[in-house]
Each structure stands twice: as structure tokens, then as C-alpha cells.
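# Working through the structure, step by step
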Amino acid sequence: MDNPRLPYLHEKTLSLPMQPGVYIMHDKTGKVIYVGKAKKLKNRVTSYFRNVEKHLPKVYRMVEHVYDFEYIVTDSEFEALILECSLIKQFAPKYNILLKDDKGYSYVRISPGPYSRLTGVLQKYDDGAEYIGPYISSFVVRQTVEEANKAFMLPTCNRKFPGEFGKGRPCLNYYIKNCMGVCRGKISEEEYNEALNEAIEFIRGGSASSIEKLTERMYAAAENEEFERAASLRDRIRAIEGITSRQKVVFSKLPEQDVVAVAQSGENSCAVVLSFRGGKLVDKSEYIMRDFGTDPASVTEFLQSFYTDKTDIPKEIALHEDCEDAQLISRWLSEKANHRVTISVPQKGERRKTTEMAYNNAAERLSHEKLRTSREVAVLDELARLLGLEKPPERIEAYDISNFGAETVVGGMIVYENARPKRSDYRKFAIKDAVAPDDYACMCEMLRRRFERYGEECEKGTSFGTMPDLILLDGGKGHIAAVQKLFDEMHITVPLFGMVKDDRHRTRAIAKNGGEIAISPAKEVFNFVTAIQDEVHRYTITYSRRKHSKTNFELLITKAPGIGPKRAAALLKHFKTMKAIRAATEKELAAAPGMTAAAAKSLRNLLDKE
């Protein structure tokens, strides 16, 4: 830590009172860089200036820049919370969460004709198109445009009309009745514009108004015996009713609430807030944040920042994971909203499903940041929570030992990066010093050699030159204890866990130093850890069998007069495979390095008799 003021700052904390209050961190220019609250000021502020190497990255960087601090004592922790929110809003400190909603205003764009299209956009341009808006929520715009296109069977493909009439077959949307099939060239511009105008009325007036107007037109068409037109209008009415009824079926049992979830991937986190009003999902807000965790304290900090300027606060807020000081936040929001606001973490039912929906949305958003699937982001986040890691592990190394008696003892190392196998970094170990059946000693030898190579190759960025974020051993508490002792001696601080199997060789739990962590088979992380354990076992046992077979073959060919262990090893090195040696002629054997004509003849005779 390059902050020469640390001794002074730590000394200053010793005079702080054990009372609730707010602390304000300043940099050397006097600028406020962080504001926090505490139930006991002395305990909280002192924690910043001791054991600084153990801080999370964001806190570590903040402490690096602290030149001085001040504090304000309050009568209660709740008063400290109110004051903290006010000061954050006033100073906008660099290291507090400052949410920037990048949605801006959104519009519905009606492209120039012929055959205009409906799309949702974030900005107006002077391009000859017509725009409806602005709307505050981009989510509402996207949802409304999607509903309008589907209900009125408007095309959403990239084809240009009328220039591409009849060029190629209609897409899937036509066959599932989500598009009228303009590409066939059988829909006149007049017919198309009628459907387009009805869709625009739907967007401007809402589903109820649109259904009312379409119903009037349907009855008028029927009275005029325009039965085809009446049937077409009836189908559009049903499509609109279908969309709205599906929403009511899904969300009708939900109270008015906000649903909040935070997912993490590497240094980035994403918070998503889904807003349900009137039995319908009406808005989605998402925020990408750097160096922000998913722990209870971070969730609390997000809630404070998100609701500071909000006026539409629902009576219920559902969280995917628990927050710190839930009662204080609930009381603060209740006073802001002038009605009671409850904060909960649903564990089952429809409300739990909505928190999972919010979490999956957050993971999906992060997946676009790193070109990974939302499932991969989510499973690493879930694994980090399960194991109590500071952040999701990007690089995971797993190790296993396999032996055929004392003659063939090998180890295997596999690597997962961003939840995917990285086979180019897999490595094999022929155990040299330790012997079977001492699996603990064999595992220690493999890990010792791996980290000795790290010291040699760390500047090159090779497989051994990359430090893992998590190590998993195929074994239980005994393996963990043995390897942890080695890590302590080598000053290695990588988190270390074991993968425990049941009597049927299926993953049962994760071993840690001093106990086990159970994994529910229903969790995605269970499948992920099982896949890692199966892969490291497959890789290691395959190497073990090959090496055992090779050793047996070496023993076989040393029975030929003139072939000793060194000459046998040289033959395998030259011919690469045992199959190639078996297929070689006497002349080819004699031409191998270190061979003689007599040795080649005796070997050929031995192989022919086998």
C-alpha cells in the first residue's frame, strides 16, 4: 500500500467514539472521495487502516488515496443513514456508487415508406422518419414495439420492400403467424398501411382503446358483408387480447413491487431492477458497475443510491440475495414514500421466480460485456457465493492423482477459464518422488512442482505462469489439509477446496479446511463442479492408462537380447507409438538411434512370437 499517511490515519481512529455516525474521507486536495455510515464509528473507520492488503479492490484503491477523514456523530444509526444519503447526493464521492442510467429517452420510429417499419430507438434523427415519444423507459418502448409488430403481423426482418418481393421463401415468422408475409409480394401497400396505422393507434392509445376501435370496424365490415375484412379484424383483436391476457396470467398474482438482483463477473457487476405495477412488468433498469461486489453491504449501497431520487417507491421490494441493514433501509424508504415499504428475500413461489428472472437478466447483461453466456456468468457467481470468494473465479485449476500400483503414478491438471475448459493449458505430471498409495504426498508433489514453475514462468504468461483464482482437488478433507500445509510453506494464498464423491462416484459436496459444503443437485453449480471433477478424472486416468501400457511394453521389449531400459526408451522416443514399433521392419528397427542389427533382429523375432 503506497499511502504514507496510514500510520497517522490509524492513530487518529483510536480517538473516535463508539457511537453511530457518518465518516467522510478526503484526498490530499481536500475533495470528498467516500462517505459511509457506522453503528460504531471507531470500529468501522479503524477497519479501513489495518490489514489493508485484505481489502476488496475498490476499498483498497480508496484507502490508497485517503489523506484525512472527518466524522459526524448522530443519535442513531437511522439518522446516520439519512445523513449518509444526503452527503452522497451533495458531494457525489468517487468511491461511492453513483448510478448513471444510460437509458435516456426512447422513441418509436416509423421508417419512411413504402412499407414502413416500427422499431424502438434511443435517439431522434433528421432522416425523414416519423417518431412517437419521447418515453422515459426504453424497456417499455421495446416491449410495446414487439407487441405491436406481433399483434398486427408486421415484418421485422431485414428485407427491403418492394425491391425484394418474391426473392426467397418466407421466414419462420410467416409460418407461425407472427408476420403477414409481405415478402411474397401478395400484400398491397394499401393493405399494409392499414395494418401499420392500426399498430400506431395501438401504441398511442393502448390495447383497450385499440380493441374498441377495431371492434367497431369489425362490426361495420360484417354489416357491409365484407366478411374477409371482418375476419381479419377479428384475428387482430384476438392477437391483442392474447398478448395482454398472457401478461395477466404470468403476473396477476404479484403485488406492486420492485425486484432487485446483482450478478458479478470478474471486476464488473450488474444490478437489475424489474418494476411490476398493476400486475404487469412495466420497466427494467440495469446498471454496470466496476469493482462492486454482490455481498449484503454492496446490495445495501446499491439500494441507497437507486432510491435516493426515486418518487415511485412500491410497498414491496424483493431481493435475490440479502442486504445489510434491511430494517434501516425499509424505514428510510417508508418515510420517503409515506407508506410502509417491506424488503424481503423470497425463497419459493412466484416471487422467487421473479428474483431469479432479475438475476438472469443481470447475468445476461454481463455476458454481453465479456462475450460469455449468461449461464456461465451465473454459475461462476453462484460458485463464488457458495465458497465465500471475494469475486467469481475466472481461472479454475483442478487436480487428480491416478495410479496402477506403485509402478505408474501420475497426476493431471485441467484448467477452466470463464467457465469453459481451456485444454491448451492442461498439464500431465509423472510423479517422481512420492509413491502410491500415499495420495496426499503425490498430490503435494504435483502442486509443489506446479507452483515452482510459476516462479519460473510468471513473466511469460504460460499455463504454469498464470496464477489461478481457485484450486479444486479431487479429494476430501485429508487432501485439503496436506496441500494447505504445503501452500502455507510456499506462501500461496489461492483458495483451495476439494471435490468429494459418494459411494457411487458422484459429486456429493465440496470439502474445505475443517468441514464440507453441501451442494444441492438442483443447483447449476452442482452440474458445473461435477463436470470439472469428471473432466479432471478422465484426463488423469487416460494419461495413467497410456503410461501404464507404455511401461508394460518397455518391460516386454527388454526381454529381447540386446535391448535394455535405455534402448527401449530410445525406441519409443524415435517411433513415437508402440503400434509403430510393432509395425516396423527389421531394417527400420536397426536404423533407429542406438540400435544394432543384432538387437533389431532379436526384437523383431520377439514381437513376431508375441
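Residues numbered from 1 in each chain as written. Predicted model: local features only at pLDDT ≥ 70, side-chain atom pairs only at ≥ 80, totals over all residues. Heavy atoms only, no water.

## Some remarks on the packing of helix α13 (residues 439–457) against helix α14 (residues 477–490)
- At their nearest, the axes of α13 and α14 sit 9 Å apart, and the two run at 35° to each other. Relative to α14, α13 is oriented so that their crossing is right-handed. Where α13 abuts α14, its residues D439, Y440, M443, C444, L447, R448, F451 and E452 lie against G478, H479, A482, V483, L486, F487 and M490.
- Across the contact of α13 with α14, the residue classes break down as ten nonpolar, two polar and three charged. (Axes fitted to C-alpha atoms, helices over the stretch in contact; angles between N-to-C directions. Helix = DSSP H or I, 4+ residues; strand = E, 2+ residues; numbered from the N terminus. Left-handed = near helix turned anticlockwise from the far one by under 90°. Contact = heavy atoms within 4.5 Å. Nonpolar A, V, L, I, M, F, W, Y, C, P; charged D, E, K, R; others polar.)

## Quick notes on the sheet that holds strand β5 (residues 118–121)
- Strand order in this open sheet of three strands is β5-β4-β6, and the pairing throughout is antiparallel. Looking at the sheet topology across the chains shown, the edges are occupied by β5 and β6 (130–135). The average undirected angle you get between the axes of adjacent strands in this sheet is 20°.
- As paired elements, strand β4 (residues 106–110) and β6 share four bridges and run antiparallel to each other. Its bridge partner being in β6, V108 is matched across the sheet by I132. (Pairing = 2+ DSSP bridges.)

## Quick word on a nonpolar patch on the surface
- On the surface, a nonpolar cluster with roughly 340 Å² of combined accessible area is contributed by L172, Y175 and I176.
- When you line up the elements, L172 lands in helix α6 (residues 172–175).
- On the basis of relative accessibility, which here comes to 59%, the residue L172 falls in the exposed class. (Patch = residues over 30% accessible without salt bridge, like charges linked within 9 Å, V, L, I, M, F, W, Y side chains within 5 Å. Areas by Shrake-Rupley, 256 points an atom, 1.4 Å probe, with all protein chains shown as cover. Salt bridge = Lys/Arg side-chain N within 4 Å of Asp/Glu carboxyl O. Buried < 20%, exposed > 50% of the residue type's maximum accessible area, 1.4 Å probe, protein only.)

## Some thoughts on the confidence of the model for the chain
- Model confidence for the chain is summarised by a mean pLDDT of 85, while 91% of its residues fall at 70 or above.
- When mean pLDDT is taken per element in the chain, strand β10 (residues 316–319) scores highest with 96 and helix α8 (residues 227–251) scores lowest with 65.
- Note that residues 246–250 has pLDDT below 50 and, in this model, six contacts with residues that lie over four places away or in other chains. (pLDDT = per-residue confidence, 0-100.)

## Observations concerning α13
- Between its first and last C-alpha, α13 extends 27 Å over 19 residues, near the 27 Å set by a 1.5 Å rise per residue.
- All of the buried residues in α13 are C442, M443, C444, E445, M446, L447, R449, R450, F451 and E457. (Expected span 1.5 Å × (residues − 1).)

## Topic: the pairing of strand β9 (residues 280–290)
- Two strands pair when backbone bridges link them, and strand β8 (residues 268–277) and β9 are joined in this way by ten bridges, in the antiparallel orientation. Paired with S269 across the two strands is M289, which belongs to β9.
- The antiparallel hairpin formed by β8 and β9 contains two residues in its connecting segment, where G278 sits at a positive phi of about 60°.

## Description of the packing of aromatic side chains
- Within this structure, the stated rule accounts for 19 aromatic pairs.
- Note on Y426 and Y539: the rings are 5.0 Å apart at their centroids and 75° apart in plane angle, and the pair reads as edge-to-face. Taken together, the residues Y426 in the loop between β14 (420–421) and β15 (427–430) and Y539 in helix α15 (residues 524–557) connect sequence positions 113 residues apart. Y539 matches Y426 in its accessibility class, with the two residues each being buried. (Phe/Tyr/Trp six-rings, centres within 6.5 Å; stacked < 30°, edge-to-face > 60°.)

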